[in-house]
Amino acid sequence: QAYLSDHGANDTVPYREAILAVRKRAESAAKGNLPPAPPPEAPAPPADPLTVGKPIPDVSAPGITSPAPVKLSDLKGKPVVVVYFQPAAPSGPPVLKLADDLHGRKLATVVPLAIGDPRDAKTLVGDLKSTVPVYDGTGVYKVHGLEATPVFVVIDGDGVIRHVARGWGGETAAAVTREVERWAK
């Protein structure tokens, strides 16, 4: 009331309609006329589908260098390393080399998911003489909430995410290898 009277209570007062609406609700509430309580809000889903301690969202991807597709839920029972990468990016060769090394050690099932042109993945596999089967992740990476690559996801035998590493740097290979060894026991 004081604000409106101090400013002339005319149409030029900023927020006049809002002030009057709040006043009307306050007066109504003072008389016992309360609006119904809003329904409780549903909890917000986690912002990142790749949350450590949560099950990994299931995806299927067609093979690029494998004749068969892969489905993550079919791999339960043994640790899995999902590797999202872009074969044509500067990080592509070292990322695929790490995936190939982990595949050769047979500690976990390694699932490299290439983003982009499958021909780039085939070329890179040939250049590196890689033996790990590579799959086409172009159609599925958004399910996992990814905006950039590379991303390494270590999953235990029950399908629960145990480690997520984003990006490529000097420590990435050692950190991912350590986590794979930890969950392979």
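Going by the structure above, here's the rest.
The rules behind the values
- Residues numbered from 1 in each chain as written.
- Predicted model: local features only at pLDDT ≥ 70, side-chain atom pairs only at ≥ 80, totals over all residues.
- Heavy atoms only, no water.
- Phe/Tyr/Trp six-rings, centres within 6.5 Å; stacked < 30°, edge-to-face > 60°.
- Helix = DSSP H or I, 4+ residues; strand = E, 2+ residues; numbered from the N terminus.
- Buried < 20%, exposed > 50% of the residue type's maximum accessible area, 1.4 Å probe, protein only.
- Polar contact = N/O pair within 3.5 Å; in protein donor to acceptor, adjacent residues only side chain to side chain.
- Contact = heavy atoms within 4.5 Å.
- Expected span 1.5 Å × (residues − 1).
- Pairing = 2+ DSSP bridges.
- Axes fitted to C-alpha atoms, helices over the stretch in contact; angles between N-to-C directions.
- Parallel < 35°, antiparallel > 145°, perpendicular 65-115°, else oblique.
- Left-handed = near helix turned anticlockwise from the far one by under 90°.
- Nonpolar A, V, L, I, M, F, W, Y, C, P; charged D, E, K, R; others polar.
- Core = buried A, V, L, I, M, F, W, Y, C linked by side-chain atoms within 4.5 Å.

(A) The packing of aromatic side chains, seen in detail. Evaluated as defined, the whole model comprises one aromatic pair. A centroid spacing of 6.0 Å and a plane angle of 35° characterise the contact between Phe-152 and Trp-168, whose relative ring orientation is tilted. Placement of Phe-152 in strand S6 (residues 151–155) and of Trp-168 in the loop between strand S7 (161–166) and helix H5 (172–184) is noted, with a sequence separation of 16 residues between them. What makes Phe-152 buried here is its relative accessible area of 1%.

(B) Local environment of the side chain of Ser-130. Mapping Ser-130 onto the fold places it in the loop between helix H4 (118–128) and strand S5 (135–136). In terms of polar contacts, Ser-130 uses its side chain to reach the side chain of Asp-100, at 3.1 Å. Those residues within four positions of Ser-130 in sequence are excluded, and the remaining contacts are Leu-96, Asp-100 and Val-125.

(C) How the structure looks around H5. An ideal rise of 1.5 Å per residue puts 18 Å on 13 residues; H5 measures up with 18 Å between its terminal C-alpha atoms. Within H5 the residues assigned to the buried category are Thr-172, Ala-175, Val-176, Thr-177, Glu-179 and Val-180. Buried residues in H5 make contact with strand S3 (80–85), helix H3 (92–105), S6 and S7.

(D) Looking closely at the sheet that holds S3. The mixed open sheet is built from five strands, whose spatial order is S5-S4-S3-S6-S7. Across the chains shown, the open sheet's two edge strands, defined by having one partner strand only, are S5 and S7.

(E) Structural context of the packing of H3 against H5. It is the contact of H3 with H5, at a shortest axis distance of 11 Å, that shows an interaxial angle of 25°. Classed by the angle they form, the pair H3 and H5 counts as roughly parallel. When you trace H3 past H5, the crossing you get is right-handed. Facing Leu-98, Leu-102 and Arg-105 of H3, the residues of H5 in contact are Ala-173, Val-176, Thr-177, Val-180 and Glu-181. Across the contact of H3 with H5, the residue classes tally to five nonpolar, one polar and two charged.

(F) Inspection of the nonpolar core at higher detail. Formed by 22 residues in total, the largest nonpolar core has its most connected members in Val-83, Phe-85, Leu-96, Val-134, Phe-152, Val-176 and Val-180. Sorting the residues of this core by element identifies S3, H3, strand S4 (109–114), H4, S6 and H5 as the ones contributing at least two each. Looking at this core element by element, the count peaks at five residues for H3. Ignoring any residue separated from it by four or fewer positions in sequence, one finds Leu-96 in contact with Phe-85, Pro-112, Leu-124, Val-125, Leu-128, Ser-130, Val-132 and Val-134. Leu-50, Leu-72, Val-151 and Ile-155 belong to the second-largest nonpolar core, a separate cluster that totals 21 residues.

(G) Main features of the packing of H3 against H4. Following both chains from N to C, one finds H3 and H4 inclined at 65°, their axes separated by 11 Å at the closest point. Judged by the inter-axis angle, H3 sits roughly perpendicular to H4. Classified by chirality, the crossing of H4 by H3 is right-handed. Across the interface between the two elements, Gly-92, Pro-93, Leu-96 and Lys-97 of H3 pack against Leu-124, Val-125 and Leu-128 of H4.

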